[in-house]
Amino acid sequence: QVQLVESGGGLVQAGGSLRLSCAASGGTFSTYTMAWFRRAPGKEREFVATISRGGGTTRYTDFVKGRATISRDNAKNTVYLQMNSLKPEDTAVYYCAACRRVFTITTNSYDYEYWGQGTQVTVSS
């Protein structure tokens, strides 16, 4: 059983940056594919980025490509999402998720067994 706790959200002006962190406990972190999803007000949850167990493979959704970087530190049991050039449409609750049953990366939220509580990101115009 893995517990995930996100942090780093907040209020930022458009064009600004944030680094989200997700600390994992209760499992062997390096055996989980990790990802970030988000849910904007009135919208469905959507995939943002994912990273493989060793960190060597990543994938991003089109709307953050070039503006976001997902990374992980297996020694610290933490995954990060660095977001730059933030836009008001990035306003959402950002969730960290962990997947063990799929060996490689996956963008499908149904593959992820464990979820954090989320951290709010608000981008003002």
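Shown above is the structure to which this text applies.
Residues numbered from 1 in each chain as written. Predicted model: local features only at pLDDT ≥ 70, side-chain atom pairs only at ≥ 80, totals over all residues. Heavy atoms only, no water.

**Q** I'd love a proper account of the state of the cysteines, names of residues and values included.
**A** Applying the stated rule across the entire model yields one disulfide. Paired through a disulfide, Cys22 and Cys96 show a sulfur-sulfur distance of 2.1 Å. One disulfide, between Cys22 and Cys96, carries an S-S torsion of -75 degrees and so falls in the left-handed class. Of this pair, Cys22 sits in strand β3 (residues 18–25) while Cys96 sits in strand β9 (residues 92–99), placing them 74 residues apart in sequence. Relative accessible area serves as the criterion here: at 0%, Cys96 is assigned to the buried category. Free of any disulfide, Cys99 has its nearest cysteine sulfur in Cys96, 12 Å distant. What makes Cys99 buried here is its relative accessible area of 0%. (Disulfide = S-S within 2.5 Å. Helix = DSSP H or I, 4+ residues; strand = E, 2+ residues; numbered from the N terminus. Buried < 20%, exposed > 50% of the residue type's maximum accessible area, 1.4 Å probe, protein only.)

Just distances and angles here, no functional claims.
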